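Spelled out from the first residue to the last, the chains are:
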Amino acid sequence: MKNRSLSFWLFLTPTLVALALVVFIPMLEGLFYSFTDWDGLSFTKMVGFQNYITLLHDKAFVNAFWFTVAFVIVTVIALNVIGLGLALLVTQKFKGSSFLRTVFFMPNMIGGLILGFIWQFIFTQGFSALGSALHAGWLENWLTTENTGFWGLVIVTVWQMSGYIMIIYIAYLQNIPQEIIEAAEIDGASAWQRFTKITFPMIAPAFTVCMFLTLSNGFKIYDQNLSLTGGGPYNSTQMLAMDIVNTAYNSSNFSLAEAKAMIFFIIVAAISLIQVFYNRKREVDL
Amino acid sequence: MSHKFWKHLATVTMVAGAALTLAACGSSSAKKNVKITILQGKVENNKQFKTIAAQYEKSHPNVKIEVTSIGGGTQYDPVLKTRISSGNAPTIFSLAGPADVKQFKSHEADLSNTKAAKAAQPGTLDAVKTDGKTVGLPFNVEGYGFVYNKKVFREAGIDATSLTTYAKLQAAVKKIDSMKTKLGIKGVFALPGKEAWIMSDHLANLYIGQDFNGNALKLYNSKTMPFTKNADMKQMLDLQSTYSIKPVMQMDYSAQVNQYFSQGKTAMIQQGDWIYPTIEQIDKKFAKNDVGMIPIPVKGEEGKLPVGTSLYWAVNKQKSSAEQTAAKNFLDWLYTSKAGKKDVVNTLHFVPAYKGYSNFKMQDALTQTVFKYSNENKTIGWAFPGYTGTSWDPDVAQPNLQKYLSGKQSWTATVKNMKDGWKKQQASSSN
């Protein structure tokens, strides 16, 4: 600790102050408010764990929780499979591979809100036109049921984010030394063996990063949810973040929303950290 | 080296601090003028309010008015709360109903003695009375019903104004439905299932409100919700959804108003006078010639239009008395002076909630209808502001009505959930 001189702390101070001001202090404040009956303006009394008990019996919150969990499971798998698949595709040497990279990455440059509105149009107008032309009933009435709302959200999220995940996988794929793969080839390893025994372990760090990103993004998603389904029909596609916002701003129940946000934070942090811890173990060094 | 650094830092900080202090002094002592700030929730009238404020500043040179507008019911409250907690509270703000009156109690000045409050039409102040004080002044009154396409009705040979009972309406709807292709429409109604408030606020008001005489405050304070007329509501909701353009659950406000009604694809929609500017933007000629409004026929309330106020002005009592007086004077001027009245009707296109406007003519067919019913006192009160600010509306009423419309839940269960949800909310909010 000797070398941590004054200059060490001096360099650290701006970041620490900024972090404290916009993260730590508001969070502690939020924690405090979750034990009160705060309505966004003032509070009259401390209520102990009342808000936390209320939220356990809050059907909307519980429903949003399970909906979000299902959404996270599906999108994490889909995003990583598709992202890695695209990365493998565009790292093959063929004409137009860099053009394809740009194309795959493009959806990520459109904001989530706008994307939601664009896809809402596709789901309601495009899908139903296609459905009536092909006499495919399942293409009609999208976003009017919980199921179609769920898959609508999954499609939009995967479409938007897989390009981003692809970029990360590409970076790691290109870092694999060619000689290892060549050596394996000479030793007679098949393409599948080369992938599972060399490529996959070598990109394990990318896996850690991508899992973390897709997991936390899946839990925290709000803008697509808002613009695509708005939580409807009958609040069935409301995800955790949206339920919290609505509790605070529509029902003016800020203290309950703070309690929900605390639970939300603990869940996201715990799952993300456990995931990072386990995936780290699987990473290999040369 | 480090000493020098700290000295520099100290100097810079002090200079900046001094500059700020000087600036602060400058703004408080240099002018004797009063500055009032307005934060209001009718974003569609932002431009008009700014024009009016500029005009007022011209005739009252010592008053400066700053207008800020925030859109939509859901985003207004958080902004107002933020402004209040950051010490930047507005002088004049808006309230949406009894729930807001309760929330912002510590900031509401008594407006009972203003000229505007005395000129307000009977009943318009009911929702903003608390402890014998009047804390809000209505922006305007609005009305809703079935906004219909006159051309379609003419071609179908139906006189819309004769549809005064449910039976007559039903017969007309069936007749129009049978002539759909000939009339060039996709459906008799366009019911926006996505826009739950159209059902939970406007439609439900006609039936839930009857138990409370259309009084929002009574409803807000009631422990129970009898909802005795729920069968009538089911009948009307079923009629609208059966003969609506499908799929109902995919339709939102803009599909209902912009896409279908304004382009002549539906015979009528359940909407209010506020949609006129939208129709006008899309088809000026259609808006001018072929748009009308009839009351929704409610058993026992035939020939009456639901007319009420969605927003009220409030004056912040934590501001200096000079500022409060200036604010009250401005509101009095707007609603009771000759120049102000002209602005209310001709610039804002408001249907006035005040007396003394009998020689004015409203600007369009929909506001004319509202004004007519309002003057003739043939109105049904707006009880729904008694629940729109509470969590029952978005958390209980709207999802349950949507479940019913999607066919996921029976009407009996829907009504039961709504009543139980209200009881539960009222029991927990009273302590």
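Bear in mind the structure is a predicted one, so any value in this text is a computation, not a measurement.

**Here's the deal with the UniProt feature "domain: ABC transmembrane type-1" (unreviewed entry) in chain A**
- Following the UniProt record, the feature "domain: ABC transmembrane type-1" (unreviewed entry) maps to residues 65-275 of chain A here.
- The straight-line gap between the two end C-alpha atoms of residues 65-275 of chain A is 19 Å; of that span, 77% is helix and 0% is strand.

**Remarks on the interface of chain B and chain A**
- Every contact between the two is made by 18 residues of chain B and, on the other side, 18 residues of chain A.
- If you tally residues by element for the side of chain B that touches chain A, the top one is helix H3 (residues 72-85) of chain B, at six residues.
- Of the residues in the side of chain B that touches chain A, the class split is six nonpolar, seven polar and five charged.

**Some details on the nonpolar core**
- Formed by 126 residues in total, the largest nonpolar core has its most connected members in Val147(B) and Phe330(B).
- For this core, the element with the most residues is helix H9 (residues 196-208) of chain B, which contributes eight residues.
- When residues of this core are sorted by domain, at least three fall in each of domain 1 (31-141 + 309-357) and domain 2 (143-308 + 385-429) of chain B.
- Ignoring sequence-local partners within four residues, the contact set of Val147(B) consists of Phe261(B), Met268(B), Ile269(B), Gln271(B), Ile275(B), Val291(B), Met293(B) and Leu366(B).
- Residues Tyr33(A), Val72(A), Leu215(A) and Leu256(A) belong to the second largest nonpolar core, which totals 34 residues.

**Observations regarding helix H7 (residues 166-178) of chain B**
Residues and elements named next belong to chain B.
- Its 13 residues place the ends of H7 18 Å apart at the C-alpha level, agreeing with the 18 Å of an ideal helix rising 1.5 Å per residue.
- Taken as a whole, H7 has its buried residues at Leu169, Ala172, Val173 and Ile176. The buried residues of H7 occupy an angular sector of 100° when projected down its axis, which confines them to one face. Every exposed residue of H7 that faces more than 90 degrees away from the buried side is listed here: Ala167 and Ser178.
- Along its buried surface, H7 packs onto helix H6 (150-156), helix H8 (180-183), strand E8 (187-189), helix H11 (230-242) and strand E9 (266-272).

**Description of the packing of H9(B) against H11(B)**
All names here are of chain B.
- At their nearest, the axes of H9 and H11 sit 9 Å apart, and the two run at 130° to each other. With respect to each other, H9 and H11 are oriented oblique. The hand of the H9/H11 crossing is right-handed. The residues of H11 that touch H9, namely those facing Met199, Leu203, Ala204 and Tyr207, are Asn230, Asp232, Met233, Met236 and Leu237.
- Of the residues belonging to the contact of H9 with H11, the class tally is seven nonpolar, one polar and one charged.

**Here's the deal with the UniProt feature "transmembrane region" (unreviewed entry) in chain A**
Residues and elements named next belong to chain A.
- When the UniProt feature table is mapped onto this chain numbering, "transmembrane region" (unreviewed entry) sits at residues 7-28, 64-90, 102-122, 150-172, 198-219 and 261-278.
- Each end of residues 64-90 is marked by a C-alpha atom, and these two atoms are 37 Å apart; helix forms 100% of the span and strand 0%.
- Along residues 261-278 one finds 100% helix and 0% strand; the C-alpha atoms at either end are 26 Å apart.

**Focus: the sheet that holds strand E1 (residues 34-40) of chain B**
All names here are of chain B.
- On the basis of which strands lie adjacent, the open sheet formed by five strands has the order E2-E1-E3-E12-E6 and mixed pairing. Edge positions in the open sheet fall to strand E2 (63-69) and strand E6 (137-138), since each of these has one partner strand only.
- Across four bridges, strand E3 (residues 92-95) lies against strand E12 (residues 312-315) in antiparallel orientation. Its bridge partner being in E12, Ile92 is matched across the sheet by Val315.

**Details of the domain arrangement of chain B**
Residues and elements named next belong to chain B.
- On domain assignment, one finds that chain B holds domain 1 (31-141 + 309-357) and domain 2 (143-308 + 385-429).
- Placing a centre on the C-alpha atoms of domain 1 and another on those of domain 2 gives a separation of 30 Å.
- Every contact between the two is made by twelve residues of domain 1 and, on the other side, 13 residues of domain 2.
- The greatest single-element share of the side of domain 1 that touches domain 2, amounting to three residues, is contributed by helix H4 (residues 98-103).
- Partitioned by chemical class, the residues of the side of domain 1 that touches domain 2 number six nonpolar, three polar and three charged.

**Digging into the pairing of E9(B)**
All names here are of chain B.
- The buried fraction of E9 amounts to seven of the seven residues, a majority that puts the element mostly inside the structure.
- Here strand E7 (residues 142-149) runs beside E9; their pairing, made up of five bridges, is antiparallel. Bridge pairing in E9 links Gly145 to Gln271.
- One ladder, built from two bridges, connects E8 with E9; its direction is parallel. Residue pairing in the sheet places Gly187 in a bridge with Thr266 of E9.

**Quick word on the environment of Val147(B)**
- Inspection of the secondary structure assignment puts Val147(B) in strand E7.
- Taking the C-alpha atoms as reference, Val147(B) lies 15 Å from Tyr373(B); in sequence the two are 226 residues apart.

**Description of the packing of helix H5 (residues 112-134) of chain A against helix H6 (residues 146-173) of chain A**
All names here are of chain A.
- Here H5 crosses H6 at 125°, and the two axes come no closer than 11 Å. Here H5 is positioned oblique relative to H6, judged by the angle of their axes. The hand of the H5/H6 crossing is right-handed. Of the residues in H6, those touching H5 at Leu115, Gly116, Trp119 and Phe123 are Gly152, Val156 and Gln160.
- For the contact of H5 with H6, a count of residues per class yields four nonpolar, three polar and no charged.

**Topic: helix H12 (residues 253-261) of chain B**
- Here H12(B) has its buried residues at Gln256(B), Val257(B), Tyr260(B) and Phe261(B). What you see down the axis of H12(B) is that its buried residues fit within an arc of 120°, all on one side.

Conventions adopted
Residues numbered from 1 in each chain as written. Chains lettered and ligands numbered in written order. Predicted model: local features only at pLDDT ≥ 70, side-chain atom pairs only at ≥ 80, totals over all residues. UniProt positions renumbered as here; feature names shortened; annotations may be inferred. Helix = DSSP H or I, 4+ residues; strand = E, 2+ residues; numbered from the N terminus. Contact = placed C-beta atoms within 7 Å. Nonpolar A, V, L, I, M, F, W, Y, C, P; charged D, E, K, R; others polar. Core = buried A, V, L, I, M, F, W, Y, C linked by C-beta atoms within 7 Å. Buried ≥ 20, exposed ≤ 12 C-beta atoms within 10 Å, placed from the backbone. Domains from an automatic or database assignment. Expected span 1.5 Å × (residues − 1). Arc of directions from axis to C-beta. Axes fitted to C-alpha atoms, helices over the stretch in contact; angles between N-to-C directions. Parallel < 35°, antiparallel > 145°, perpendicular 65-115°, else oblique. Left-handed = near helix turned anticlockwise from the far one by under 90°. Pairing = 2+ DSSP bridges.

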